[in-house]
Amino acid sequence: MADDKDSSQEKTEEATPRKLEKAREDGQVPRSKELTTTVLLVTGTLALLASGEFLTKKLVKVFNHNMVLERSAIFDTSQMLTHIGVAMFDAILGLAPLFLALAVAAFIGPIALGGWLVSAKALMPKLNRMSLLEGLKRMFSIKSIVELLKAIAKVGVILTLAIILLKALRAELLGLASEAIMPAIAHAAWLAIISAIVLSASTFVIAVVDVPFQIWDHAKKLRMSMQDIKDEYKDTEGKPEVKSRVRQLQREMANARMMSAVPEADVIITNPTHYSVALKYDPETMATPILVAKGVDFTALKIREIANAHNIEIVESPPLARSIYNTTEVDSEVPAGLFVAVAQVLAYVFQIRNYRRGKGAKPKKPSGIQIPPNLRYD
């Protein structure tokens, strides 16, 4: 028994849709810092490459505006704020394309894995994060070891690629000394940007490894035991004993309503012990007879008892009783295929009523009632 209990608690099952939904509500979705870093670095360097000329012109303009001044402006303190305002505007305008690209990357990077999510629960303070024991567990957990290996791998990959890049650009870097100042500056800036793009792209290698790991680690954390799945089912669908009790009460209420309609019936058709069906028909208000109650065994007996107490005619016709019971729901019309058979019974009932009032001869009970083959339930 102990072994069974232990095995039932092993979290070997994939998370259910409800567990995934609840985890998302709690702010638990897979995230990759490496993917975010890669997106930011590559986007930033590409934006710098695309807007480099525009940024350079703006920075040169700022430099000239603040360094080349007329003598009167130097001694006029009222112009200081004007110079600073113009310089700041040009600097911000020059950096705007880069900042805009970085803002977009900072938004897209985190949601690239796990999607967009805003969770108030994730922002709530958790006391277990202040626990020394929990902190030690996190420090020596598999995830911490993986993060350490990623950091070492990241440094190794970037350092290796940097060495390869320096060797590849060695001739151009040494050749800068023989170029004129302005072309050398432009050439050096170009080499720096290309190197930054290549080194930023190298982090993609780490991201390719990290993304699958984060997905696997997230799924592993959300794994469930068979007992967890059973408990979730109980919480979602309701406990079986409670649901059974609710269904029982519903049946009892439905039976009570059905029994209250029996005194309004015109005839009870039986087989004669196992089945009872109560029909109501008013030629002036109804197009077809209506089934107001039906039941088997104890319920059938109860219907007959109520019928006897209210002097409702009971007619024995086993085939017809079984057919109506199996083909017609309570408060529904009798099927068209049974109209003739039911009409025979109702005609007898109305005739027997007239006879008891002293009108007409005593009718004979209907016999040989024919039931269509497709509506027979023998």
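Note that this is a predicted model, so its numbers are computed, not measured.

The rules we used
Residues numbered from 1 in each chain as written. Predicted model: local features only at pLDDT ≥ 70, side-chain atom pairs only at ≥ 80, totals over all residues. Heavy atoms only, no water. Helix = DSSP H or I, 4+ residues; strand = E, 2+ residues; numbered from the N terminus. Buried < 20%, exposed > 50% of the residue type's maximum accessible area, 1.4 Å probe, protein only. Areas by Shrake-Rupley, 256 points an atom, 1.4 Å probe, with all protein chains shown as cover. Pairing = 2+ DSSP bridges. pLDDT = per-residue confidence, 0-100. Contact = heavy atoms within 4.5 Å. Core = buried A, V, L, I, M, F, W, Y, C linked by side-chain atoms within 4.5 Å. UniProt positions renumbered as here; feature names shortened; annotations may be inferred.

Peer 1: Just checking my understanding: could you explain the overall build of the chain for this structure?
Peer 2: Scanning the chain from N- to C-terminus turns up 15 helices and five strands. Residues classed as buried in the chain amount to 29% of the 378 residues present. Carbon and sulfur atoms make up 65% of the accessible area of the chain, which totals about 24800 Å².

Peer 1: Would you take a moment to explain the pairing of strand β3 (residues 290–296) for this structure?
Peer 2: The side chains of a regular strand alternate between both faces of the sheet. Extensive coverage of β3 is indicated by the burial of six of its seven residues. When strand β2 (residues 275–280) meets β3, the two strands line up antiparallel, connected through six bridges. Pairing of Y275 across the sheet is with V296, part of β3. Where β3 and strand β5 (residues 332–333) come together, two bridges link them in antiparallel fashion.

Peer 1: Where do I start with the confidence of the model for the chain in this structure?
Peer 2: Low pLDDT marks stretches whose predicted atomic positions should not be read closely. When the pLDDT values of the chain are averaged, the result is 81; 89% of them are 70 or greater. For the chain, per-element mean pLDDT is lowest for helix α1 (residues 2–8), which scores 44, and highest for β2, which scores 89. Note on residues 1–8: pLDDT under 50 across the span, and three contacts to partners over four residues away in sequence or across chains.

Peer 1: Which parts of the structure should I look at to understand the nonpolar core?
Peer 2: Side chains of nonpolar character tend, in soluble globular proteins, to be buried together. Core analysis: the biggest nonpolar cluster contains 21 residues, and I269, L320 and I324 have the highest contact counts within it. Those residues in contact with L320 that sit more than four places away from it in its chain are I269, L338, A341, V342, V345 and I371. One finds V262, I290, V292 and I303 within the second-largest nonpolar core, a separate group that totals 14 residues.

Peer 1: When you look at the UniProt feature "transmembrane region" (unreviewed entry) in the chain in this model, what are you seeing that I'm missing?
Peer 2: Under the present numbering, the feature "transmembrane region" (unreviewed entry) in UniProt falls on residues 99–124, 145–169 and 189–216. Helix makes up 96% of residues 145–169 and strand 0%, whereas the separation of the span's terminal C-alpha atoms amounts to 36 Å. When the span residues 189–216 is considered, its composition is 100% helix and 0% strand, and the gap between its end C-alpha atoms is 42 Å.

Peer 1: Can you walk me through unusual backbone geometry in this structure?
Peer 2: Backbone phi values are negative for most residues with the exception of glycine, while trans is the configuration of most peptide bonds. The phi dihedral of D297 is positive, around 55°, even though this residue is not glycine. Here D297 lies in the loop between β3 and α13 (298–309). Despite not being glycine, N311 shows a phi value in the positive range, around 55°. Along the chain, N311 turns up in the loop between α13 and β4 (313–316).

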